[in-house]
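# Analysis of the macromolecular model
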Amino acid sequence: MPLYPMLGRSVVLALAITGSSVGAATADVTIGVLTPLSGKGASYGQQQKNAIAMFLEKYGDIGGPAGKLQLVTYDTRGDNAEAINLTRKLIDSDQVLAIIGPQFSGEAEVSFPLAVRGQTPIITPMAAKAGITAANRPWAFRFALTTEKVYGPLLDAWLKKQAASKPIKDVVIFVDLKDAVSNYDAKTVFPPLLKERGIKVADTISFQTGDIDFSAQVTRAKSLEPDGVIVSSLFSEAAHVVDEMRKQGMNQPVVGAIGINHPRFITVGGTATEGVFAASDFFSENPKPEVAEWAAEFVKRFGDRPSNAAGEIYDTLYLMRECIKSTGVTGNNVKEDRVKLRDCWAGLKDAEAPLTGATSMDKNGDGTRIPTVLEVKDGKFTVVQ
Amino acid sequence: MFLQQLANGVMLGSTYALAAIGYTLIFGVLRLLHLAHGEVFMIGAFAGLQAALIWHFGPLLALIAGALGAAIVGVLIEVIAFRPIRRRGNSHLAPIVSTVGVGLVLQEVMTKLFGSEQIAFPSGLQKQVFDLGFMSVTGSQLFILGTAAVSMIALHQFVTHTRYGMAMRATSENIHVAAILGINVDAIILVTFAVASALAGVAGVLVGLNFNAISPFMGFDMGIKGMAIIVIGGLGSIYGAMAGGLILGIAEVLSVAYLASSFRDAFAFGLMVLILIIRPRGLFGTGIGTAR
């Protein structure tokens, strides 16, 4: 073989080896984070930002060959198109090993296929619409519970309480058409669960995220005189609906879908929210010592009670860190590391996370754990016994 | 239920009407669409909110604070964004584009200052409910109706019985002849902006009081609806804006009540298109005075 090409090849090889060993000394494990810091869902996003800050302080150092945890955080503004662009950016140009996010089911639906094409594990901490992980196997996961796992126990607890005073025979469902998971819940998840329990749906009345005037919808619901009301929307609209209901003299008991799991539901809705039922796997008033301490620190530092969004992203990050430690990924071989992390997530069984307890991943990539049924009492979410 | 829905619609419609009146006043005098008027409405709401939070003003004083805040911003917009561009030439498009820019800037500034979330308006008005049997109204809804009625009557008096009002009507009929006849057209334009913005500010505070939700993005919606209303009512006609606002409010509420909320905007703008087809000059539009 002629000398020069051989020399050239050796030089290139030598450079490559030194290059990668230099890389090994300084490579940090990079994880992408997608969260709505502004626009729709900024409440959730800002809380997540605070939870991330707390997490990095406590757990940012992974130790061993993985070094420090590097997070690349992007603001999706709650916008599906933005989520698509940012997912692509994280996978291709930032070369992250995994992505945590996006927040909303609508965003997740459009981002997940990109992660599958890019062969990157993607875990949404909160999107709760059923089916989106199953459609994107094996790379997509969901930390939160899908809604049908939550509403069964929720409805049972609610009906049990109402049976003592006035049993529920029919309900009106208020739905936010613009929010993917609320829409899906009201149309697909609640009706069969209600039917199983012998309850009729008198009507499904709609509004949209961002609406402020609900007088028409509530008047229409009032004229139907239902026994109970289900509100399937995000916390702000739900708080206004409940407020409008009480203003117009509708005193029926109310059950909220998972969108209302946010302390601002009570701040915005005020006394109208008393007695509303909800279910969540994380709530800030949880008396368990780890949660109570964490929540107290959150309030002290950020002045705001932590919501589901904060608790779930904290625990998702925790489990991600556990996976990084157990698989020993270092960020040197992005493609292989992504596969390792994916398999770790798929195999999670009873993995303990500080705020939500033990989590397992089912075969669809959905998280399973036991939700807590809550009721708003004296301006706080309290556990229903 | 129908009467209650009608009442709901009238309440909603009166806030729309107040914002739309300002739109049509500015269009009448300048023949230009003030596309940042929705943001002026939003700033009025925030000004009222700050007054209520910082100085603990009651609803009435918050209204005045909102009107003043909006008026100041409105005049500033005229001086900074409208006037220099108007002077430059006869382009009808450039001032409108300038207002789009102003609107965006205002939105972003308010988002930086207050965050992009909906903020609750502290008020004690809402909780009293008056039950009339076939329908019920809350204290805040009556307040809205009262304020809107008083504002519109005051405006009517101003426009018909004061010298400034007459000068405004003259300017809107023909700006050049008015100038020749000795009217200080620049001053009148300032007054128009101040009055229009003050009304929008009042509408903003009313919306905040009644719906208890203020956000930096609330102006965008109002801006678009305002345009629909002035087209329905007739460009440049104040009474058209009042009627148009009520019609739009009632149409929206009834479509939500009897159809579904996804039809709400379709209905509102469908109505606008229908009216344009049947009566292009709008309900109260005169057909004259639009030619220059």
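Residues numbered from 1 in each chain as written. Chains lettered and ligands numbered in written order. Predicted model: local features only at pLDDT ≥ 70, side-chain atom pairs only at ≥ 80, totals over all residues.

## Notes on the overall build of chain B
Stated precisely, the cut-off is as follows: Note on conventions: DSSP H or I runs of at least 4 residues are helices, E runs of at least 2 residues are strands, and numbering of each starts at the N terminus. Within these notes, the globule rule equals 2.2 Å times the number of residues to the 0.38 power, and the radius of gyration is based on C-alpha atoms. Here a residue counts as buried when 20 or more other C-beta atoms sit within 10 Å of its C-beta, as exposed when there are 12 or fewer, and as partly exposed otherwise, the C-beta atoms being derived from the backbone.
When its secondary structure is counted, chain B shows 11 helices and two strands. Listed by position from the N terminus, the elements making up chain B come as α-α-α-α-β-β-α-α-α-α-α-α-α. For chain B, the C-alpha radius of gyration of 19 Å lies close to 19 Å, the compact-globule estimate for 292 residues. The dimensions of chain B, computed from C-alpha atoms along their principal axes, are 60 × 45 × 35 Å. Across the 292 residues in chain B, those meeting the buried criterion constitute 54%.

## Describing the pairing of strand 7 (residues 200-207) of chain A
Successive side chains on a regular strand alternate, one facing one side of the sheet and the next facing the other. All names here are of chain A. Under the convention used in this document: Strands pair, by our definition, only if DSSP identifies at least two bridges between them. Assignment of crossover handedness uses the view with strands pointing away from the viewer, where a clockwise path from the first strand over the helix to the second indicates a right-handed crossover.
Summarising the sheet, strand 6 (residues 170-176) and strand 7 pair through seven bridges and their orientation is parallel. Following the sheet pairing, Asp-170 is matched in strand 7 by Lys-200. Crossover strand 6 to strand 7 through helix 6 (residues 180-196) is right-handed.

## Comments concerning the domain arrangement of chain A
Residues and elements named next belong to chain A. Formally: Domain start and stop positions are those given by an automatic or database domain assignment. Residue pairs qualify as contacts under a 7 Å threshold applied to their C-beta atoms, which are placed from the backbone. Residues are grouped as follows: nonpolar covers Ala, Val, Leu, Ile, Met, Phe, Trp, Tyr, Cys and Pro; charged covers Asp, Glu, Lys and Arg; every other residue, Gly included, is treated as polar.
Each domain of chain A was delimited in the assignment, giving domain 1 (10-145 + 290-370) and domain 2 (148-280). Taking only C-alpha atoms into account, the centre of domain 1 sits 32 Å from that of domain 2. Taken together, the 15 residues of domain 1 in the interface contact 13 residues of domain 2. Looking at the side of domain 1 that touches domain 2 residue by residue, the classes come out as five nonpolar, six polar and four charged.

## A word on the interface of chain B and chain A
Across the boundary between the two partners, chain B contributes 23 residues, which contact 22 residues of chain A. Taken together, the elements giving at least two residues each to the side of chain B that touches chain A come down to helix 1 (2-30), strand 2 (136-138) and helix 10 (238-258) of chain B. Among the elements that make up the side of chain B that touches chain A, the one with the highest residue count is helix 1 of chain B (four residues). In terms of residue class, the side of chain B that touches chain A is built from 10 nonpolar, 12 polar and one charged.

## A look at unusual backbone geometry
All names here are of chain A. A cis amide bond, omega -15°, links Gly-101 with the succeeding residue Pro-102. For Pro-102, the location among the structural elements is in the loop between strand 3 (98-100) and helix 4 (105-117). With an omega dihedral of -5°, the bond running from Arg-137 to Pro-138 counts as a cis peptide bond. Looking at the element boundaries, Pro-138 is found in the loop between strand 4 (122-124) and strand 5 (140-142).

## Brief notes about the pairing of strand 8 (residues 228-232) of chain A
Residues and elements named next belong to chain A. With five of five residues buried, strand 8 lies mostly within the body of the structure. Burial along strand 8 is two-sided: Gly-228, Ile-230 and Ser-232 and Val-229 and Val-231, pointing in opposite directions, are all buried. Note: strand 6 against strand 8, five bridges, orientation parallel. Among the inter-strand pairings, Val-171 is bridged to a residue of strand 8, identified as Gly-228. Looking at chain direction, strand 8 and strand 9 (residues 254-256) are connected through three bridges and run parallel. Residue pairing in the sheet places Val-229 in a bridge with Val-254 of strand 9.

## Focus on the nonpolar core
Test applied: To form a nonpolar core, buried Ala, Val, Leu, Ile, Met, Phe, Trp, Tyr and Cys residues must be joined through C-beta atoms within 7 Å.
Counting 206 residues, the largest nonpolar core has Val-231 of chain A together with Ile-21 of chain B as its most contacted members. Taken domain by domain, the makeup of this core includes at least three residues from each of domain 1 (10-145 + 290-370) and domain 2 (148-280) of chain A. Not counting the four nearest positions on each side in its chain, Val-231 of chain A is found in contact with Phe-174, Ala-238, Val-241, Val-242, Val-254, Gly-256, Ala-257 and Ile-260 of chain A.

## A few points about helix 4 of chain A
At 3.6 residues per turn, the α-helix brings residues three or four places apart onto the same side. Residues and elements named next belong to chain A. Let me state the cut-off plainly: For a helix, the expected span equals 1.5 Å multiplied by the number of residues minus one. We define the bend at any residue as the angle between the axes fitted to the seven residues before and including it, ending there, and the seven starting there.
The terminal C-alpha atoms of helix 4 lie 19 Å apart, and with 13 residues this matches the ideal 18 Å at 1.5 Å per residue to within 8%. The largest bend in helix 4 amounts to roughly 30° and is located at Ser-111, with the proline Pro-113 lying one to four residues further along. Every buried residue of helix 4 is listed here: Ser-105, Gly-106, Glu-107, Ala-108, Ser-111, Phe-112, Leu-114 and Ala-115. Of the surrounding secondary structure, the elements contacted by the buried residues of helix 4 are helix 3 (80-92), strand 3, strand 4, strand 5 and helix 6. Just past helix 4, the residue Gln-119 takes up positive phi, approximately 50°.

## Things to note about the packing of helix 3 (residues 59-88) of chain B against helix 4 (residues 93-114) of chain B
All names here are of chain B. Convention followed: Axes here refer to lines fitted to C-alpha atoms; in helices the fit is confined to the stretch in contact. Angles between the N-to-C directions go from 0 to 180 degrees. Orientation labels follow simple angle bins: below 35 degrees gives roughly parallel, above 145 gives roughly antiparallel, 65 to 115 gives roughly perpendicular, and whatever is left gives oblique. Crossings are assigned a handedness: left-handed for a near helix turned anticlockwise from the far helix by less than a right angle, right-handed for a clockwise turn.
Interaxial distance between helix 3 and helix 4 falls to 9 Å at its minimum, and their mutual angle equals 155°. Here helix 3 lies roughly antiparallel to helix 4, going by the angle between them. Helix-helix and strand crossings are classified by hand; for helix 3 and helix 4 the assignment is right-handed. Residues Ile-77, Ala-81, Phe-82, Ile-85 and Arg-86 of helix 3 form the contact with helix 4, whose participating residues are Ala-94, Pro-95, Ser-98, Thr-99 and Val-102.

## Describing the confidence of the model for chain B
Residues and elements named next belong to chain B. This is how the line gets drawn: For every residue, the predictor reports its confidence as pLDDT, a number between 0 and 100.
Averaged over all residues, the pLDDT of chain B is 84; the fraction at 70 or higher stands at 94%. Confidence over residues 288-292 falls short of pLDDT 50; this stretch has four contacts with residues more than four positions distant or in other chains. At the level of chain-chain contacts, confidence expressed as ipTM amounts to 0.71, with global pTM at 0.75.

## Here we look at the sheet that holds strand 13 (residues 367-368) of chain A
Residue and element names in this part refer to chain A. A sheet is described by the order of its strands in space; here three strands give the open sequence 11-12-13, paired in antiparallel fashion. In the strand order of this sheet, the two ends are held by strand 11 (351-353) and strand 13, each with one partner. In the sheet, strand 12 (residues 357-361) pairs with strand 13 via two bridges, with the strands oriented antiparallel. Residue pairing in the sheet places Ser-360 in a bridge with Thr-368 of strand 13. Lying on the sheet, helix 11 (residues 308-327) is in contact with strand 11 and strand 12; it crosses strand 11 at an angle near 135°.

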